[in-house]
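Here is what each chain is made of, one letter per residue.
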Amino acid sequence: IRLRLGFLLHVGLDYLTLDRPARTLSGGESQRIRLATQIGSQLTGITYILDEPSIGLHQRDNQKLIEALRELAEIGNTVIVVEHDKDIMLAADYLIDLGPGAGKHGGELVGQGIPKDFLNKDTITSNYLSNKQKIAIPKKRRKGTGEFLELKGATGNNLKKVNIKIPLGVFCCVTGVSGSGKSSLINSTLYPILRKHFYKSRQKALPYASIKGLEHIDKVIEIDQSAIGRTPRSNPATYTGVFTEIRKLYTNLPEAKIRGYKPGRFSFNVKGGRCEECKGAGKRVIEMNFLPDVQVDCERCMGRRYNRETREILFKGKSISDVLDMTVNEAVDFFDKIPKIYRKTKTL
């Protein structure tokens, strides 16, 4: 028992209670529990691949994580980490840098080597690691509105009668070591209070004594790490609402009006305009009995999602299928004269 608990301490989870429900753990905490399980198994000759294990970790705990990863390597395993964190990069035995940019500007090997040699290379990553490039600290800060949101006597989970005054009209950050109560205070106490106040929500807040200053704000929006969209067909265009505007634009083109096409004609979720062979997915799933399913381009639409008639409606020479294939960068230039579409793609 002590050995196993030791591994949990090792990856910086000393503050978790053993009965904590798994769904309340943050992404970083779940990943570190998996890591502790692996270190505890003491297997050798294995390749471990970790995707950003430092997410949600305070700088203080980074060292513990690095030691845990080194221990995995020392007992005879290979550890491959995909990471942006400076401490972890410099603690690695070998660095591989991909780039130079993202999307079609990326996909090349721009540098590799042991950290000491890597710092002398000329890549975006090495320039930041060696402090040749820096993100400047702003010269002046916002004053805010002068109003405050004042929460008193928060005692949920491990909070000990916390009183806070949050200034309004500024960008405010809540920080502290892992498990110090940040999520309990903001996500589980403050957010449910605001949600109940504005939307009559039934979600219960953790215990607190009083709150003042609600009259200075008019709504609350939580942006968390849950999956976006209600269906597996959700994509950035449908989720941000920009696809609705693109469909309206295509519906209003002269050729579409002559043919009597409505916005549904340009949806890949509705019968009529989509390719019925692949139901608008552009791919067909071939079930392999003993292997993972394989996706292949639909042989009728060749992966273009729409039938021939829908693809004949063109805006600046592009069909709606061509638009879905564009990167956000390309779409910004393509729709620069259509404010409703331009504003959303510009934000992305």
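## Concerning the overall build of the protein chain
Logical step 1: Broken down by element type, the protein chain carries 14 helices and nine strands.
Logical step 2: Compactness check: the protein chain gives a C-alpha radius of gyration of 26 Å against a globular reference of 20 Å for 348 residues, more than 25% above the reference.
Logical step 3: Principal-axis analysis of the C-alpha atoms gives the protein chain an extent of 75 × 60 × 50 Å.
Logical step 4: Each of the 348 residues in the protein chain was classed as buried or not, and the buried ones make up 32%.
Logical step 5: The contacts in the protein chain between residues at least 6 apart in sequence include a share of 47% that link residues at least 24 apart.

## With respect to the pattern of salt bridges
Logical step 1: Going through the model one piece at a time under the given rule, you end up with 19 salt bridges.
Logical step 2: Put simply, Asp 14 and Lys 64 hold a salt bridge, and the shortest N to O gap is 3.9 Å. Of the two residues, Asp 14 is situated in the loop between helix H1 (2–10) and helix H2 (27–41) and Lys 64 in helix H3 (residues 59–74); the sequence distance between them amounts to 50 residues.
Logical step 3: Residue Lys 316 is joined to Asp 336 by a salt bridge in which the shortest nitrogen-to-oxygen separation is 3.8 Å. Of this pair, Lys 316 sits in the loop between helix H11 (308–311) and helix H12 (320–324) while Asp 336 sits in the loop between helix H13 (328–334) and helix H14 (339–347), placing them 20 residues apart in sequence.
Logical step 4: Residue classification places Asp 336 among the partly exposed residues on the basis of a relative accessible area of 37%.

## With respect to the layout of surface pockets
Logical step 1: The calculated volume of the second largest pocket comes to roughly 990 Å³.
Logical step 2: Counting residues per element, the ones that place at least two in the lining of the second largest pocket are H3, strand E2 (78–82), helix H4 (86–91), strand E3 (95–99) and helix H6 (124–129).
Logical step 3: A total of five residues in the lining of the second largest pocket trace back to one element, the largest contributor, which is E2.
Logical step 4: In terms of residue class, the lining of the second largest pocket is built from 18 nonpolar, four polar and five charged.

## Structural notes on the nonpolar core
Logical step 1: Ranked by internal contacts, the top residues of the largest apolar core, which has 21 residues, are Ile 246, Tyr 250 and Phe 335.
Logical step 2: Per-element accounting of this core gives the leading share, five residues, to helix H9 (residues 242–251).
Logical step 3: Once residues within four sequence positions are removed from consideration, Ile 246 is found in contact with Ile 320, Val 323, Phe 335 and Ile 341.

## Considerations on H2
Side chains three or four residues apart in an α-helix point the same way, a direct result of the helix having 3.6 residues per turn.
Logical step 1: Compared with an ideal rise of 1.5 Å per residue, which puts 15 residues at 21 Å, H2 spans 22 Å between its outermost C-alpha atoms and is within 8% of the ideal.
Logical step 2: Turning to H2, its buried residues number three or more, namely Gly 28, Glu 29, Ser 30, Gln 31, Arg 32, Leu 35, Ala 36 and Ile 39.
Logical step 3: Buried residues along H2 sit in contact with H1, strand E1 (47–51) and H3.
Logical step 4: Downstream of H2 by a residue or two, Gln 42 has a phi angle that is positive, lying close to 55°.

## A look at the environment of Met 326
Logical step 1: Tracing the backbone shows Met 326 in the loop between H12 and H13.
Logical step 2: Relative accessible area serves as the criterion here: at 16%, Met 326 is assigned to the buried category.

## Overview of the sheet that holds strand E5 (residues 148–154)
Logical step 1: Across the sheet, which stays open at both edges, the three strands sit in the order E6-E5-E7 with antiparallel pairing between neighbours. One side of each edge strand has no neighbouring strand; the edge strands of this open sheet are strand E6 (162–167) and strand E7 (210–212). Put simply, the sheet's adjacent strands are angled 10° from each other on average, direction ignored.
Logical step 2: The sheet contact formed by E5 and E7 spans three bridges and is antiparallel. Across the sheet, residue Leu 151 finds its bridge partner in E7, namely Ile 211.
Logical step 3: Against the sheet, helix H7 (residues 182–199) makes contact with E5, E6 and E7, and its axis sits at roughly 115° relative to E5, the strand it touches most.

## Here's the deal with the state of the cysteines
Logical step 1: Within the structure shown, the criterion is met by zero disulfides.
Logical step 2: The cysteine Cys 173 is free of any disulfide, with Cys 172 supplying the nearest cysteine sulfur at 7.4 Å.
Logical step 3: Between Cys 298, a free cysteine, and Cys 301, which holds the nearest cysteine sulfur, the sulfur-to-sulfur gap is 3.8 Å.
Logical step 4: The exposure class of Cys 298 is buried, given its relative accessible area of 0%.

## Points about the environment of Asp 51
Logical step 1: By secondary structure assignment, the location of Asp 51 is in strand E1.
Logical step 2: Expressed as a C-alpha distance, the spacing of Asp 51 and Ala 36, which sit 15 residues apart in the sequence, is 15 Å.
Logical step 3: Beyond its immediate sequence surroundings of up to four residues, Asp 51 is in contact with Gln 31 and Val 82.

## Notes on a nonpolar patch on the surface
Logical step 1: Judged by side-chain polarity, Ile 286, Met 288, Phe 290, Leu 291, Val 294 and Val 296 come together as a nonpolar surface patch covering roughly 570 Å² of accessible area.
Logical step 2: Counting through the fold element by element, Val 296 comes out in strand E9 (residues 294–297).

## Considerations on the environment of Ile 186
Logical step 1: Note on placement: Ile 186 falls in helix H7.
Logical step 2: Those residues in contact with Ile 186 that lie beyond four places of it in its chain are Val 174, Tyr 191 and Pro 192.

## Re the packing of H9 against H14
Packed helices, taken two at a time, are described by the angle between their axes plus the distance between the axes.
Logical step 1: Orientation of H9 relative to H14, taken along the N-to-C sense of each, is 150°, at an axis distance of 9 Å. Comparing the axis directions of H9 and H14 gives the class roughly antiparallel. Crossing handedness for the pair H9 and H14: left-handed. Listed contacts from H14 to Val 242, Glu 245, Ile 246 and Leu 249 of H9 are Lys 340, Ile 341, Lys 344 and Thr 345.
Logical step 2: Taken together, the residues of the contact of H9 with H14 sort by class into four nonpolar, one polar and three charged.

Thresholds applied
- Residues numbered from 1 in each chain as written.
- Predicted model: local features only at pLDDT ≥ 70, side-chain atom pairs only at ≥ 80, totals over all residues.
- Heavy atoms only, no water.
- Helix = DSSP H or I, 4+ residues; strand = E, 2+ residues; numbered from the N terminus.
- Rg over C-alpha atoms; globule rule 2.2 N^0.38 Å.
- Buried < 20%, exposed > 50% of the residue type's maximum accessible area, 1.4 Å probe, protein only.
- Contact = heavy atoms within 4.5 Å.
- Salt bridge = Lys/Arg side-chain N within 4 Å of Asp/Glu carboxyl O.
- 1 Å grid on protein atoms, 1.4 Å probe; cavity = no way out; pocket = protein on both sides within 12 Å on 5 of 7 lines; lining within 4 Å.
- Points joined across faces, edges and corners; volume = space filled by probe spheres on them.
- Nonpolar A, V, L, I, M, F, W, Y, C, P; charged D, E, K, R; others polar.
- Core = buried A, V, L, I, M, F, W, Y, C linked by side-chain atoms within 4.5 Å.
- Expected span 1.5 Å × (residues − 1).
- Pairing = 2+ DSSP bridges.
- Axes fitted to C-alpha atoms, helices over the stretch in contact; angles between N-to-C directions.
- Disulfide = S-S within 2.5 Å.
- Patch = residues over 30% accessible without salt bridge, like charges linked within 9 Å, V, L, I, M, F, W, Y side chains within 5 Å.
- Areas by Shrake-Rupley, 256 points an atom, 1.4 Å probe, with all protein chains shown as cover.
- Parallel < 35°, antiparallel > 145°, perpendicular 65-115°, else oblique.
- Left-handed = near helix turned anticlockwise from the far one by under 90°.

These figures capture arrangement, not role.
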